[in-house]
Amino acid sequence: MKDKKPKEKKKRSWFTKRKMKEATLIEQTGTGRQRTLLTQTGRFNRYTQELESGCNAHTGEVLTDAQLAYRAGYRNALGESASIHNRKQGKK
């Protein structure tokens with residue numbers, strides 16, 4: 001009987017393809033699959049757009065009340081965090 005060795009999985013890692021102000025584009029080695037990671041600014045802008053339109057930016061589906069509340073809460077938390085930071089820095 002031969003001892004079966006477990007198959008080794010191909011190691012796939014992600015690398016940064018391009019950094020932008022609102023997002024970072026990453027790509028997976030081997031497959032070439034790409035993903036966009038939003039920064040806080042990018043997510044804030046996306047949620048603002050979605051709250052104004054009432055639809056998801058990617059799928060176009062209408063947002064539920066829970067999704068609307070989450071997006072509004074995220075925006076408020078970022079605004080509050082920014083105001084605290086500015087107060088500590090002595091800015092208005």
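As the structure is a computational prediction, the values presented were derived from the model and not from experiment.

Parameters at a glance
Residues numbered from 1 in each chain as written. Predicted model: local features only at pLDDT ≥ 70, side-chain atom pairs only at ≥ 80, totals over all residues. Heavy atoms only, no water. Helix = DSSP H or I, 4+ residues; strand = E, 2+ residues; numbered from the N terminus. Rg over C-alpha atoms; globule rule 2.2 N^0.38 Å. Buried < 20%, exposed > 50% of the residue type's maximum accessible area, 1.4 Å probe, protein only. Contact = heavy atoms within 4.5 Å. Lys, Arg positive; Asp, Glu negative; His and termini not counted. Charge placed at Lys NZ, Arg CZ, Asp CG, Glu CD. Pairing = 2+ DSSP bridges. Axes fitted to C-alpha atoms, helices over the stretch in contact; angles between N-to-C directions. Parallel < 35°, antiparallel > 145°, perpendicular 65-115°, else oblique. Left-handed = near helix turned anticlockwise from the far one by under 90°. Nonpolar A, V, L, I, M, F, W, Y, C, P; charged D, E, K, R; others polar. pLDDT = per-residue confidence, 0-100.

Caption draft 1: Focus on the overall build of the protein. Within the protein, the regular secondary structure consists of 2 helices and 3 strands. Overall, the protein shows an N-to-C arrangement of helices and strands of β-β-β-α-α. Computed over the C-alpha atoms, the radius of gyration of the protein is 20 Å, more than 25% above the 12 Å expected from 2.2 N^0.38 for a compact globule of 92 residues. For the protein, the spread of C-alpha atoms along the principal axes amounts to about 75 × 40 × 25 Å. Taking all 92 residues of the protein together, 17% fall into the buried category. Considering only intrachain contacts with a sequence separation of at least 6, the fraction spanning at least 24 residues in the protein is 15%. Looking at the protein, you have 22 positive and 9 negative side-chain charges, and the mean spots of the two groups are 8 Å apart.

Caption draft 2: Region of the structure containing the sheet that holds strand β2 (residues 23-28). Read across the sheet, 3 strands follow the order β1-β2-β3 without closing on themselves; strand pairing throughout is antiparallel. Across the chains shown, the open sheet's two edge strands, defined by having one partner strand only, are β1 (14-19) and β3 (34-38). Here the strands of the sheet are splayed against their neighbours by 30 degrees on average, with no regard to which way each runs. Where β1 and β2 come together, 5 bridges link them in antiparallel fashion. By the bridge assignment for β2, Phe15 is matched with Glu27.

Caption draft 3: Local environment of the packing of helix α1 (residues 40-53) against helix α2 (residues 65-89). The N-to-C vectors of α1 and α2 enclose an angle of 135 degrees; their axes lie 10 Å apart at closest approach. Considering the angle they form, α1 stands oblique to α2. Here the hand of the crossing between α1 and α2 comes out left-handed. Mapping the contact onto sequence places Gln40, Arg43, Phe44, Arg46, Tyr47, Thr48, Glu50 and Leu51 in α1 and Leu68, Tyr70, Arg71, Ala72, Tyr74, Arg75 and Leu78 in α2. Taken together, the residues of the contact of α1 with α2 break down into 8 nonpolar, 2 polar and 5 charged.

Caption draft 4: Main features of the confidence of the model for the protein. Mean pLDDT over the protein works out to 87, with 91% of the residues at or above the 70 mark. Per-element confidence in the protein is highest for α2, whose mean pLDDT is 93, and lowest for β1, whose mean pLDDT is 85.

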